[in-house]
Each structure stands twice: as structure tokens, then as C-alpha cells.
Amino acid sequence: MSIRKKIADSEAVLNWAARRIASYIRMVNRNTKWQRIGYEELDQLAEQGEPVIVVLWHQRLAQSPYFFPLDKAQICSITSSARAGSMVGRVQKLFGMDTIAMASKHKSNVAVSREVLGKMKQGISIGIAADGPRGPERVLSTVPLVWARTSGKRVFGITFSTRHGREAGTWDRLLMPRPWRNEGVFLCREWTEIVPRKASDEQIETLRQNLEQHMNDITAEADRMVGRDPWSPKS
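Being a predicted model, the structure only gives us computed values, none of them experimental.

**A closer look at the overall build of the protein**
Piece 1. Within the protein, the secondary structure is distributed over seven helices and nine strands.
Piece 2. Since a compact globule built from 235 residues should have a radius of gyration of about 18 Å, the 17 Å found for the protein is in line with a globular shape.
Piece 3. Viewed in the frame of its principal axes, the protein has a C-alpha envelope of about 50 × 45 × 40 Å.
Piece 4. A fraction of 73% describes how many contacts in the protein between residues 6 or more apart in sequence connect residues 24 or more apart.
Piece 5. Of the roughly 12300 Å² of accessible surface on the protein, 51% is carried by carbon and sulfur atoms.

What follows is the structure, encoded as C-alpha cells:
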């Protein structure tokens, strides 16, 4: 094993990097004047111990530890089993979130779904970046629909935006907020469509497109609130 790989796989190095990323996230949150919009229903469900499914875009992960009311209930984040996804999980654990790694050669999709449904039965909500871990950008997977169909739990789309920030040169164009003198918004809105228990493939695809549009709509709304140009597909 090369020295570079040994460093990259070092627990000490990975934990140091996770702490640095968490410090940036906290700095952004502390130095931004936030609006928190549309959370009334989610807050009430959290206080009642009723788990939900939270959907976000990978592009808006940078403030995801503040998306859910952790002071009221628990949430488990679904992360990639790859190195980048593992780092996201390390960071989120520093904020008190639980995590489950998506399927890998050691774990099947069935096993992941069983673990997710088990968490919800314990009253723990589930959060997922529905176009992750590798995209395509803002193409929603059917995973949250399958979990909604199986569990019967309600689905909430959550996003954030800030007036000042830049998009990283990553596949998802990750939004990196400026960590000082900023203005931002957290926007939460329930997706109210019902996923039938015996939905056909055609119904699932229609619902997938509907939830994808819901996520794009609320993210564009959040962008407009802070004076940011809404996302548009790469030309």
C-alpha cells in the first residue's frame, strides 16, 4: 500500500478532516442570518415521535446537519459506502446524526432497506440525498418512493440556500456558502402525493418525476428568496 493511500485511509486523518469540515459548517451556520420556513408540520411530527422521510439534493449537503430538528427527534442519514460518502457520515455523526451506508459488496440493497425500515419502526426518521452518491445531478432515484410505499411514512423535501457562496466544481455543483456575513434560508415542504402499496412501474416513474420536480421547485424558491439565480441543467 502506498504512503498516500495509507494517509487517505488513516482513521486519525479522516477524523481530523471530518472535524475541519464540521467546523466550517458550524461557522457558516453561526455567521449567517437564517430564515426557517415551512417547518411547522415537521416539528410537530418530530415532537410526537412520528418518523418521516427527508429528501434533499446532493448539491445542498453543506448545511444538511441543520435540516432536521435534532433537538426534538433522531434522524438517520443514508450515505455512500465510498470514501466521500464515508466522510459525509463522519461529519454528520459529529452533529449527533446516525448513519447507514448504502449497499456495497458487503451489504445488499435488501439489507439496507431492512435496516432503514427498522430505524423507522424505532421512531427514527430517515434522510437521503436522492440523486447521490454519483448522480446524475438532480435525477431523483426511486429509493425514497420505495421506502415511503413500504413504511407509509410522510415525505418532506428540505433544502437551503444562501445569498453568498459558490458552487464547487463537483458533479453535483455543491453549494459552498460564505462563512461570514451571510443571509440564508432553510425551506421545508411536504410532498403530499401518495405512493400506492401496489404501485406499477409506470406509477412509480410518474411519482418519481413528481417528487423530482417538487425538489427542484422548493430549491429554486429558496434560491430566489436570497437573491441567487436558481439552478439550471448543464448545457
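Next, the rest of the story.
**Notes on helix α7 (residues 201-225)**
Piece 1. The terminal C-alpha atoms of α7 lie 36 Å apart, and with 25 residues this matches the ideal 36 Å at 1.5 Å per residue to within 8%.
Piece 2. A positive backbone phi angle near 80° is found at G227, which sits one or two residues after α7.

**A few points about the nonpolar core**
Piece 1. If you look at the biggest cluster of nonpolar residues, it comprises 30 residues, and the most contacted ones within it are V55, V116, W147 and L211.
Piece 2. Listed by contribution, the elements that provide at least two residues to this core are β2 (53-56), β3 (75-79), α5 (109-121), β5 (125-129), α6 (143-151), β9 (182-191) and α7.
Piece 3. Take this core: its biggest share by element is six residues, from α7.
Piece 4. Listed in part, the 23 residues of the second largest apolar core include V54, F67, F68 and A73.

**Considering the sheet that holds β2**
Piece 1. Strand order in this open sheet of seven strands is β1-β9-β6-β2-β5-β3-β4, and the pairing throughout is mixed. Strands with a single pairing partner mark the edges of an open sheet, and in this sheet they are β1 (32-37) and β4 (98-101). Taken pair by pair, the neighbouring strands of this sheet meet at an average axis angle of 25°, ignoring direction.
Piece 2. Two strands pair when backbone bridges link them, and β2 and strand β6 (residues 155-162) are joined in this way by three bridges, in the parallel orientation. Its bridge partner being in β6, V55 is matched across the sheet by G157.

**Observations regarding the packing of α6 against α7**
Piece 1. Running from N to C, α6 and α7 point in directions that differ by 115°, and their axes come no closer than 10 Å. In terms of orientation, α6 and α7 fall into the roughly perpendicular class. For the crossing formed where α6 meets α7, the hand is right-handed. Of the residues in α7, those touching α6 at P144, L145 and R149 are I204, L207, R208 and L211.
Piece 2. Residue composition of the contact of α6 with α7, grouped by class: five nonpolar, no polar and two charged.

**Some words on the pattern of salt bridges**
Piece 1. Evaluated as defined, the whole model comprises 13 salt bridges.
Piece 2. One salt bridge connects D223 with R60, and the closest N-O pair in it is separated by 3.0 Å. With D223 in helix α7 and R60 in the loop between β2 and β3, this residue pair connects regions lying 163 residues apart in the sequence. R60 shares its class with D223; the two are buried.

**Some thoughts on the environment of L42**
Piece 1. Counting through the fold element by element, L42 comes out in helix α3 (residues 40-47).
Piece 2. Here the alpha-carbon distance between L42 and F156, two residues 114 residues apart in the chain, equals 7.9 Å.
Piece 3. Contact partners of L42, with chain neighbours within four places excluded, come to V52, F68, P69, F156, I158 and C188.

**With respect to the environment of S232**
Piece 1. Inspection of the secondary structure assignment puts S232 in the segment after α7.
Piece 2. C-alpha separation for the pair S232 and L145, spaced 87 residues apart in sequence, amounts to 24 Å.

**Side note on unusual backbone geometry**
Piece 1. Residue P133 is bonded to the preceding G132 through a cis peptide linkage, with omega at 0°.
Piece 2. The phi dihedral of R138 falls on the positive side, at around 55°, and the residue is not glycine.
Piece 3. Residue class for R138 comes out buried when judged on its relative accessible area of 4%.
Piece 4. Backbone geometry at R173 places phi at a positive 55°, although glycine is not the residue there.
Piece 5. The topology assignment puts R173 in the loop between β7 (165-167) and β8 (175-177).

**Section: the packing of aromatic side chains**
Piece 1. All told, the structure shown has six aromatic pairs when counted by the stated rule.
Piece 2. Judged by centre distance (6.3 Å) and plane angle (65°), the rings of W34 and F160 are edge-to-face. Taken together, the positions of W34 in strand β1 and F160 in strand β6 put the pair 126 residues apart, joining distant regions of the chain.
Piece 3. According to the relative accessible area criterion, W34 is partly exposed, its value standing at 21%.
Piece 4. Pairing F67 with F160 gives two aromatic rings, centres 6.2 Å apart and planes at 55°, and the pair type is tilted. A residue pair is termed long-range when its members are at least 10 positions apart, and F67 in the loop between β2 and β3 and F160 in strand β6 qualify at 93 residues.
Piece 5. The buried category is assigned to F67, whose relative accessible area is 3%.
Piece 6. Taken together, the aromatic side chains of W34, F67, F160 and F186 make up a single cluster linked through ring pairs.

About the criteria used
Residues numbered from 1 in each chain as written. Predicted model: local features only at pLDDT ≥ 70, side-chain atom pairs only at ≥ 80, totals over all residues. Heavy atoms only, no water. Helix = DSSP H or I, 4+ residues; strand = E, 2+ residues; numbered from the N terminus. Rg over C-alpha atoms; globule rule 2.2 N^0.38 Å. Contact = heavy atoms within 4.5 Å. Areas by Shrake-Rupley, 256 points an atom, 1.4 Å probe, with all protein chains shown as cover. Expected span 1.5 Å × (residues − 1). Core = buried A, V, L, I, M, F, W, Y, C linked by side-chain atoms within 4.5 Å. Buried < 20%, exposed > 50% of the residue type's maximum accessible area, 1.4 Å probe, protein only. Pairing = 2+ DSSP bridges. Axes fitted to C-alpha atoms, helices over the stretch in contact; angles between N-to-C directions. Parallel < 35°, antiparallel > 145°, perpendicular 65-115°, else oblique. Left-handed = near helix turned anticlockwise from the far one by under 90°. Nonpolar A, V, L, I, M, F, W, Y, C, P; charged D, E, K, R; others polar. Salt bridge = Lys/Arg side-chain N within 4 Å of Asp/Glu carboxyl O. Phe/Tyr/Trp six-rings, centres within 6.5 Å; stacked < 30°, edge-to-face > 60°.

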